[in-house]
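Secondary and tertiary structure notes
Single-letter residue listing:
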Amino acid sequence: MSTYEIITLIISMVAWIASLIIQLFILSKQNTFQRTITELQNSLGARREIASHKLDNLSLMTKWMDEGLDIQSEVLPIETFLKDDHDGYFNDPNPDRSIIVNRMLAWSNSSKRLIVLAQIYDPKTEKSAREWDNQHDRELPEDLPRLLEAFQRVVNDYVWKQIMEYDEFGQRGYPGPPEVEETLASLIPYAGKYIIPVYQKTQVALERVKEFVVIEPLSSIYAL
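Bear in mind the structure is a predicted one, so any value in this text is a computation, not a measurement.

Parameters at a glance
- Residues numbered from 1 in each chain as written.
- Predicted model: local features only at pLDDT ≥ 70, side-chain atom pairs only at ≥ 80, totals over all residues.
- Heavy atoms only, no water.
- Helix = DSSP H or I, 4+ residues; strand = E, 2+ residues; numbered from the N terminus.
- Expected span 1.5 Å × (residues − 1).
- Buried < 20%, exposed > 50% of the residue type's maximum accessible area, 1.4 Å probe, protein only.
- Salt bridge = Lys/Arg side-chain N within 4 Å of Asp/Glu carboxyl O.
- Bend = angle between axes of the 7 residues up to and from the residue.
- Contact = heavy atoms within 4.5 Å.
- Polar contact = N/O pair within 3.5 Å; in protein donor to acceptor, adjacent residues only side chain to side chain.
- Axes fitted to C-alpha atoms, helices over the stretch in contact; angles between N-to-C directions.
- Parallel < 35°, antiparallel > 145°, perpendicular 65-115°, else oblique.
- Left-handed = near helix turned anticlockwise from the far one by under 90°.
- Nonpolar A, V, L, I, M, F, W, Y, C, P; charged D, E, K, R; others polar.
- Phe/Tyr/Trp six-rings, centres within 6.5 Å; stacked < 30°, edge-to-face > 60°.
- Lys NZ or Arg CZ within 6 Å of the ring centre and 35° of its normal.

Take helix α3 (residues 144–169) next. For α3, with 26 residues, the first-to-last C-alpha span of 37 Å sits near the 38 Å given by 1.5 Å per residue. Judged by how many residues are buried, α3 sits mostly within the fold: 19 of 26 residues are covered.

Next up, the structure:
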């Protein structure tokens, strides 16, 4: 084999090896890119799935709020009756208090899980914030969990007040038992006037949290 042929063979082998190295490099890059795409798709899929789960829970909060308004509407006739002059009992709503109370207790108990979830979902949750004390000069809270707590309390206190005063009126003006008087004294004054404002502000907070759970960073999507 001549020197020329040897040089040609060496050049060909070097070119073949270089071509192989380039192909392997391109293949490696393609595999890395494909893995990145797959991981991104999996992450986006997980984001959609978890965001959907969170949105379902936030929708449960909306339904819970609406149920609170429905319970309030059940005792509105009692409030109207108690404000009348009571010249007769023709307008006595005669409510089934046991049904209302049982429904309200179940509704109040169901708030516990929703409040815990709201603490997880809402980035504005104040871990060590002072509890809103419902005073006239106190602004409503901004974070969703405390708004849910506030709504639960004002509905609860309003319903209890109407039922207990209705029962007390049934005693034809006689003072109620001491525990009844103590309970009435511990309720929020004019709780009914807070129900709609708290409801409206909670709905605004719910919409804010719904937007957040859809766009929140991937590092935090694995919260419950």
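It is worth spelling out the pattern of salt bridges at this point. As enumerated under the stated definition, the model contains nine salt bridges in all. One salt bridge connects arginine 146 with aspartate 143, and the closest N-O pair in it is separated by 2.9 Å. For the pair arginine 146 and aspartate 143, a shared accessibility class is recorded, and that class is buried. Among the salt bridges present, the one from arginine 153 reaches aspartate 157, with a minimum N-O distance of 3.7 Å.

What follows deals with helix α2 (residues 97–121). Look at α2: 36 Å from first C-alpha to last across 25 residues, which is about the 36 Å you get at 1.5 Å a residue. The largest bend in α2 amounts to roughly 25° and is located at lysine 112.

Considering the arrangement of structural elements, one finds glutamate 142 in the loop between α2 and α3. On the basis of relative accessibility, which here comes to 44%, the residue glutamate 142 falls in the partly exposed class. In the structure, glutamate 142 is positioned 16 residues away from glutamate 126 in sequence and 9.3 Å away in space, judged by C-alpha atoms. Contacts of glutamate 142, omitting those with residues within four sequence positions, involve Leu147, Lys201, Ala205 and Arg208. A distance of 3.0 Å separates the side chain of glutamate 142 from the side chain of lysine 201, its partner in a polar contact.

Here we take up the packing of α3 against helix α5 (residues 192–215). In contact at an axis separation of 9 Å, α3 and α5 are set at 155° when each is read in the N-to-C sense. Compared by their axis directions, α3 and α5 come out roughly antiparallel. When you trace α3 past α5, the crossing you get is left-handed. Residue-level contacts link Leu144, Leu147, Leu148, Ala150, Phe151, Val154, Val155 and Tyr158 of α3 to Gly192, Tyr194, Ile195, Val198, Tyr199, Lys201, Thr202, Ala205, Leu206, Arg208 and Val209 of α5. For the contact of α3 with α5, a count of residues per class yields 15 nonpolar, two polar and two charged.

Right, let's talk about the packing of aromatic side chains for a bit. Under the defined criterion, the tally for this structure stands at five aromatic pairs. An angle of 70° between the planes, with centres 5.9 Å apart, marks the rings of tryptophan 64 and phenylalanine 151 as edge-to-face. On the criterion of sequence distance, the pair formed by tryptophan 64 in helix α1 (residues 3–83) and phenylalanine 151 in helix α3 is long-range, its members being 87 residues apart. Considered together, tryptophan 64 and phenylalanine 151 belong to a single accessibility category, that of buried residues. Relative to phenylalanine 151, the ring of tryptophan 107 has its centre 6.0 Å away and its plane inclined at 75°; by these criteria the two rings are edge-to-face. Taken as a pair, tryptophan 107 in helix α2 and phenylalanine 151 in helix α3 lie far apart in primary sequence, 44 residues in all. On the basis of relative accessible area, phenylalanine 151 is assigned to the buried category, the value being 0%. In textbook terms, an aromatic cluster arises when at least three aromatic residues are bridged by ring pairs, as seen for Trp64, Trp107, Phe151 and Tyr199. Sitting over the face of the ring of tyrosine 194, lysine 193 holds its NZ or CZ atom 6.0 Å from the ring centroid.

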